[in-house]
Amino acid sequence: MADQYAHSGDDKRPTEIPAIRWEEPPEGPVLVLLDQTRLPAEEVELVCTDAPALVEAIRSLAVRGAPLLGIAGAYGVALAAVRGFDVEEAAAALAGARPTAVNLAVGVRRAQSAHEEALAKGGDVGQAAAAALAAARQLHREDAEASGRMAEHGLALLDELLPGGGHRILTHCNTGSLVSGGEGTAFAVALAAHRTGRLRRLWVDETRPLLQGARLTAYEAARSGMAYTLLTDNAAGSLFAAGEVDAVLIGADRITADGSVANKVGSYPLAVLARYHHVPFIVVAPVTTVDLDTADGASIEVEQRPGHEVTEVTAPQVPVAGVEAGGGIPVAPLGTQAYNPAFDVTPSELVTAIVTEEGVVSPVTAEALAELCARSRRVAAG
């Protein structure tokens, strides 16, 4: 097997460049993103000067991952306000850039509400813009703090379910610092296990067709010195059958009122495999990902991605001899139609537990999720 073994010494950050940051150069405020489409070949930053540029970055997956999308959405509203653009128009465009990830709309609403409230109280446009920016920065801080608490709760749950350590964790897509204001969601739990000597192996699903596992999770695991192994998505079943998986940890883009979980396509088959093989299937996500306004999984709008992501293999962004950088290499006959949902939905009965910054929900029920959200609101208010 192609392996990467843990090394000794101090852990490196998964990336030296923040996934997102606000800057104020002389020519005006900008939002700076680590372009995730260029990883792992090179670390390149993308500078957004207005909301349309950020919308394009979101759609192209230069910035992605539920918690980070929320942060980006809030900063996008602030960017429009500070630069004097139409805030309502920017908010609508940002919130609709990717329909499945609820955090994006949550972040947009938070900054937009701060902006509107400042105006309603008699503030001028400058004060309203400052309020929107303050809301975005506060959300950014809160997400970083939530990441740390999720890691603590998740590691405690693993120790409860799998006493003795030596955890062999299978993960899907990317859930580390590239999707968060902190160290991530599911990946942060695995990282905590690594740092405390409890992680034996991180199994990294390749995550086709855009390879977020291979390009991003393996990148973060390598930089963190974790013991990891990359596998194609369709090899996961043989790992379960061989008894090589102790737990599955994934993130989420939306959790409905009944506990259904929308996550990167390929998550649902892992849940079915985990149930058959009696392996815990654990979802790690902040409370902002719980959407009590969406009743169940059937009510989730699942984003459909372009077919060329399936019928072509995208060439690396860095130049490769004989291939146009960023171009597609056909792997199917011209004209082939492709089914390419970005996400699938796992029903609550297949989810062992949902780990949030406010604690663990297990078993996953509508009542337990409603109480979790109510408790979170009380904490925020008090």
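Right above here is the structure, for reference.
Draft legend 1. How the structure looks around the pattern of salt bridges. Applying the stated criterion to the full structure yields 17 salt bridges. The salt bridge partner of Asp 159 is Arg 198, with a shortest N-O separation of 2.9 Å. Of this pair, Asp 159 sits in helix H5 (residues 125–161) while Arg 198 sits in the loop between helix H6 (186–195) and strand E6 (199–205); the two residues are 39 residues apart in sequence, bridging distant segments of the chain. The class of Asp 159 is partly exposed, set by a relative accessible area of 23%. A relative accessible area of 26% places Arg 198 in the partly exposed class. Put simply, Glu 183 and Arg 195 hold a salt bridge, and the shortest N to O gap is 2.8 Å.

Draft legend 2. View of the nonpolar core. Leu 31 and Leu 54 are the most contacted members of the largest nonpolar core, which totals 38 residues. Secondary structure elements with two or more residues in this core: strand E2 (20–23), strand E3 (30–34), helix H1 (51–59), helix H2 (66–82), helix H3 (87–95), helix H4 (102–120) and H5. Aside from chain neighbours lying at most four places away, what touches Leu 54 is Leu 31, Leu 33, Cys 48, Val 63, Ala 72, Gly 76 and Leu 94.

Draft legend 3. Representation of the side chain of Arg 305 in the model. Relative to the helices and strands, Arg 305 is located in the loop between strand E12 (290–291) and helix H10 (308–311). We classify Arg 305 as buried; its relative accessible area is 14%. One polar contact links the side chain of Arg 305 to the main-chain carbonyl oxygen of Arg 59, over a distance of 3.1 Å. Look past the residues within four positions of Arg 305 in its chain and what remains in contact with it is Arg 59, Leu 61, Arg 98, Leu 210, Asn 340 and Ala 342.

Here is what the cut-offs are and how they apply
- Sequence order as written defines the numbering, with residues in each chain counted from 1.
- In keeping with the predicted nature of the model, local features appear solely for residues at pLDDT of at least 70, side-chain atom pairs appear and are counted solely at 80 or more, and the whole-chain, interface and lining totals rest on all residues.
- Note that water and hydrogens are dropped before the side-chain values are worked out from all heavy atoms of the structure.
- Any Lys or Arg side-chain nitrogen found within 4 Å of a carboxyl oxygen on Asp or Glu counts as a salt bridge.
- Elements are defined by DSSP. Helices are runs of H or I of four residues or more, strands are runs of E of two residues or more, and each kind is numbered from the N terminus.
- Each residue gets one of three labels from its accessible area relative to the maximum for its type: buried under 20%, exposed over 50%, partly exposed in between, using a 1.4 Å probe on protein chains only.
- Side-chain atoms within 4.5 Å link the members of a nonpolar core, which is a set of buried Ala, Val, Leu, Ile, Met, Phe, Trp, Tyr and Cys residues.
- The contact criterion used throughout is that any non-hydrogen atoms of two residues lie within 4.5 Å.
- Polar contacts, as counted here, are pairs of nitrogen or oxygen atoms within 3.5 Å of one another; within protein the pair requires one atom able to donate a hydrogen and one able to accept it, and residues that are adjacent in sequence qualify only if both atoms are side-chain atoms.

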